Structures are given as C-alpha cells and as structure tokens.
Amino acid sequence: MAKKTLNVAMIGGGFMGKAHSNAWLKVNKFFDTDFDINLKVIVGNKTPLEAFAARWGYDEVSYDWREVVRRPDIDIVDIGTPTWEHMEMAVAAAEAGKHIVCEKPCALSYQQCLKMAEAAKKAGVVTYLNHNYRRVPAVAYAKQLVEEGRLGTIYHWRGAYLQDWIMDPDFPLTWHLQSKYAGGGPVFDLSSHAYDLARYLIGDAKAVTAVNKTFITERPLPGAGAATFSAGSKTENAQKAPVDVEDASFAVVEFENGALGSIESTRFAVGCKNYNDFEVYGSKGAIRFNFESMNELWFLDATQPQAEQGFRRILCTEGVHPYVSAWWPGGHIIGYEHTFVNAFYDFLQAIAGKGAPITPDFEDGAAIIRFVEAVQLSSKEQRRVLIEEIK
Ligand code: SOE
C-alpha cells in the first residue's frame, strides 16, 4: 500500500536548516516509517534560498512563513530559526493543525513555552523540541542503565557543556549574543541542552544557585556577511555595542530526587569544541559521557568485587544499543547528524501513533526554560532560587 506523503515546510536555511533537511532526506533510508517525506518549501527571510532549495531538493522557496504555515498542503512545520521567532511560528503552526519540530532552546521565556505547549495541546498536534543529544545511542543506553537501577540511588549529576567559538573579541554581535534574539548566552544555548540531559536521566531540579559572567562586554556590530559561527570578516573600525548576555555560567543544582549536582556552560573554554559532558554517580554505579567521544559510554559497576572495580568503556555501536541497528554493523561509529535522523524517526512514529509519545516536546521545553530563567534570576539576585518561583 502506498505510504501517505507528509510535506515539510522548513523555516530557516542556516546550520539547522542543513542538519534538519539532511535528516528528513535520510530518515526513510535507514528507518521504516509509515510516511514518505517531501521537502515542500524552504522558508527564509532575507538570505536568498534558491540555491539551498536546489541543493536539498525543496519544491519551492518562500519568504513568508505566515502564509506557508497555513497552507493546507503542509503537514509538518520545522522551525530552525533563532529563538526569538519560535513562539509566534509554533503557535501559528499549531493553530493551523501542523505537527511541529522546533529547534532548541524552546523560546525566550517560560511563559512563551507555556503558550506553545498550550496551542499544541489544544490542536492535538505532535511537537518535538530538538534537544538532539538524547538520541545519541550512548546517551539513550545510559538512560537504560539508570532505569534498570544499575546506578542505584543517584547522588550526583555533573553537567558541563563547554565550547570556545566566541573567544575572539572581534567575533561580531550576532543574534546569539543579544538577549532580545537569543534569550541569553550559553545558559539558553548550552545549559538548556545540559539540563535536558539531566531531566532525561535523573529528573527535574528543585533549586539552583548560579553565577554568570560576561568576559567581553562589547563587540563589533556584524558587518555585511559576517559569519555567525566564525570570527567572520573583521570589519575595520566597526562600531561596537554592549553585550547583554552572559559568556559563562556555573549553577549548583538541587534535584527533586535528592541528588546534588552542577551544570556549567561556556563558549570560552579554549580547546573544547562541542564538549557536552555529564557524569552521574549513584550508590551502585556511575556513568560518564562526553559528546566529543560520542560513541563511548564509561560505566562503573560498584556491585563488582572491589578489586575489580573501575570505569570501563562501552563502545555503543552494537545492534543492541538504541538506534544502532538502523545504521551500521558493530563498531562503525556514527556522528552528530545521525542524532537528528534518530529523532525524526521517533517523531514520525509519534505521528503514526506508534511507540511512546516523543520527548522532549513543548511541555519539556517549558520545564527547561523554567530552569534557565531560574539560573538567570539566581545569578542576577545572587541567591538560591526555587524553580517553582518562576511563573
Ligand atoms: C552552538 O552553541 C551550537 O550550535 C548549539 O546552538 C547547538 O544546539 C549545539 O548542538 C551545537 O552548538
């Protein structure tokens, strides 16, 4: 029987437009789903996207997202734009009855996320918030170990998401460095990922005590064509403007389950390129993961005879590990882009009503940004903040 075709409208043709388009093209090559996927429209604002459409195989280009999300021939709206645009786009897409993929972080505030979640619930549409690191096989396997009780009572979570791409004082004041567009700095960009992993593996936080820091307090305004993910073209004698977001953050986190932990994020950790790292310590065992060695999980089984105890490396590339059987034979490692394909498989299964509802969704997004806001408030007021204070 012919599969139903789902038409995708991709909003945003940048880094995420590329990663998402790749995943839409690959999902049915490696997984069996109920749907064929058609890249119907790529939607932009200023940058011409005709070449992008030709490269990735979109039928059409549009520069009017409001018109596109209402089209009856669009089934999935995929939001790959800067954070400040997420709420308006997601609410419009939900009200038009579209299933929605949205890039992280969910939105600029807890209240915006709640509006997105409410609109999606009212419309009965499936939402997926692309905190893609849950779909690294090693991370999904870590979740299995925790759920099987192999770590016992969880005492500690240590999360650190470290990068180094804006250490250059000449890196321009792009949208990532302006609170009105990004919500904040690495707390929104990276601590959101780190907290999503904490929620996924050990549960919600109860309180945070955080200190944020801005190292470079003013930057050149973006010159024409200044790249976003590199120092870009140094615009000589460029006008400078103040930076209103943090460059780094350290939060002490008290979890609902009694665990004590930390979540730090920065884009000034020289040499750390995409160092998304966590450690979990429990009464019966411990795990360690770092995305820069994304196929490996380090596990210590504290129930072993003490003389034999030690962290052992599990190469999570066997068919028994989550998602791996769709890809390659044992030992053939996978990469960043595969996590998007794994996620889109789960998203299409959720649309088909198969398997568990996909997470993280907009409800999870609200919980994540509630934590993010608590971190910002704690640093601003220099005090411990209960998550429940954030309304
Ligand atoms: C930049 O910090 C960035 O692109 C994040 O925005 C992504 O979410 C992360 O996956 C890689 O780094």
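Parameters and conventions
- Residues numbered from 1 in each chain as written.
- Predicted model: local features only at pLDDT ≥ 70, side-chain atom pairs only at ≥ 80, totals over all residues.
- Heavy atoms only, no water.
- Helix = DSSP H or I, 4+ residues; strand = E, 2+ residues; numbered from the N terminus.
- Buried < 20%, exposed > 50% of the residue type's maximum accessible area, 1.4 Å probe, protein only.
- Contact = heavy atoms within 4.5 Å.
- Salt bridge = Lys/Arg side-chain N within 4 Å of Asp/Glu carboxyl O.
- Near = heavy atom within 4 Å.
- Polar contact = N/O pair within 3.5 Å; in protein donor to acceptor, adjacent residues only side chain to side chain.
- Areas by Shrake-Rupley, 256 points an atom, 1.4 Å probe, with all protein chains shown as cover.
- Domains from an automatic or database assignment.
- Buried area = accessible area lost by both parts, 1.4 Å probe.
- Expected span 1.5 Å × (residues − 1).
- 1 Å grid on protein atoms, 1.4 Å probe; cavity = no way out; pocket = protein on both sides within 12 Å on 5 of 7 lines; lining within 4 Å.
- Points joined across faces, edges and corners; volume = space filled by probe spheres on them.
- Nonpolar A, V, L, I, M, F, W, Y, C, P; charged D, E, K, R; others polar.

Participant: What's the story with the side chain of S262 in this structure? I'm lost.
Facilitator: Topologically, S262 is positioned in strand β12 (residues 260-266). Note on S262: relative accessible area 12%, which makes it buried. In this structure S262 touches W157, R158, G159, F250, A251, V252 and V253, once residues within four positions along its chain are discounted.

Participant: Help me out: how do you make sense of the pattern of salt bridges in this one?
Facilitator: A side chain with one charge may pair with a side chain of the opposite charge, provided their charged atoms come close. According to the stated counting rule, one finds 19 salt bridges in the structure shown. Close ionic contact of D34 with K354 constitutes a salt bridge, the shortest N to O distance being 2.8 Å. Here D34 is found in the loop between α1 (15-30) and β2 (35-43), whereas its partner K354 is found in the loop between α9 (336-351) and α10 (362-381), with 320 residues between them in sequence. Note on D34: relative accessible area 30%, which makes it partly exposed. A relative accessible area of 36% means that K354 is categorised as partly exposed. The salt bridge involving D189 is made with K104; its shortest N-O contact spans 2.8 Å. Of this pair, D189 sits in helix α8 (residues 186-201) while K104 sits in the loop between β5 (99-103) and α5 (110-123), and the two are 85 residues apart along the sequence. Looking at K104, the relative accessible area reads 11%, which means it is buried. In this structure, a network of salt bridges that share partners links the residues E60, R71 and D73.

Participant: Mind showing me how you'd approach the site of the ligand here?
Facilitator: Taken together, 12 residues surround the ligand, and among them K104, Y133, Q163, D189 and H193 come closest. Between K104 and the ligand, the recorded distance is 3.0 Å, taken from a side-chain N or O atom to an oxygen atom. Within the side chain of Y133, a nitrogen or oxygen atom sits 2.6 Å from an oxygen atom of the ligand. For the ligand, whose free accessible area comes to 300 Å², the fraction covered by protein is 89%.

Participant: Help me out: how do you make sense of the domain arrangement of the protein in this one?
Facilitator: The domains assigned to the protein are domain 1 (4-133) and domain 2 (134-330 + 362-385). For domain 1 versus domain 2, the distance between C-alpha centres works out to 24 Å. Between domain 1 and domain 2, a total of about 2600 Å² is buried, with carbon and sulfur atoms accounting for 69% of that surface. On the domain 1 side of the contact with domain 2, Y110, H131 and Y133 bury the most area, a combined 33% of that side's loss. Counting across the interface, domain 1 meets domain 2 through one salt bridge. Counting across the domain 1 and domain 2 interface gives 12 residue pairs in polar contact (both at pLDDT 80 or more).

Participant: Just checking my understanding: could you explain α5 for this structure?
Facilitator: Its 14 residues place the ends of α5 20 Å apart at the C-alpha level, agreeing with the 20 Å of an ideal helix rising 1.5 Å per residue. Of all the positions in α5, only Y110, Q112, C113, M116, A117, A119 and A120 are classed as buried. The secondary structure elements touched by the buried residues of α5 are α4 (86-95), β5, β6 (127-130) and α10. Backbone geometry just downstream of α5 places G124 in the positive-phi region, at approximately 70 degrees.

Participant: What should I look at first to understand the environment of S283 in this one?
Facilitator: You can see S283 is positioned in the loop between β13 (275-282) and β14 (285-290). Each C-alpha atom, one on S283 and one on L201, is 15 Å from the other, the two residues being 82 residues apart in sequence. When neighbours within four sequence positions are excluded, S283 is seen to be in contact with L151, G152, T153, Y155 and A302.

Participant: What should I look at first to understand the layout of surface pockets in this one?
Facilitator: Picture a little ball the size of a water molecule; that probe, rolled over the atoms, points out where space is still empty. Roughly 380 Å³ of volume is contained in the second largest pocket. When residues of the lining of the second largest pocket are assigned to their parent elements, the largest contribution, four residues, is made by α9. Of the residues that constitute the lining of the second largest pocket, the class distribution is 11 nonpolar, four polar and four charged.

Participant: Looking at this model, I keep getting lost on the side chain of T81. Mind explaining?
Facilitator: Of note, T81 is situated in the loop between β4 (76-79) and α4. Discounting residues that sit within four places of it in the chain, T81 has contacts with I11, G12, H86 and M89.

Participant: What exactly am I supposed to notice about unusual backbone geometry here?
Facilitator: Among all residues except glycine, the phi angle is most often negative; among peptide bonds, the trans geometry is most common. For the bond from K104 to P105, the omega torsion is -15 degrees, close enough to zero to count as cis. Position of P105 among the secondary structure elements: in the loop between β5 and α5. Cis geometry is adopted by the peptide bond preceding P360, which originates at T359 and carries an omega value of 0 degrees. Mapped onto the elements of the fold, P360 is located in the loop between α9 and α10. Phi at Y323 is positive, roughly 75 degrees, even though this residue is not glycine. Secondary-structure assignment places Y323 in the loop between β16 (312-315) and α9.

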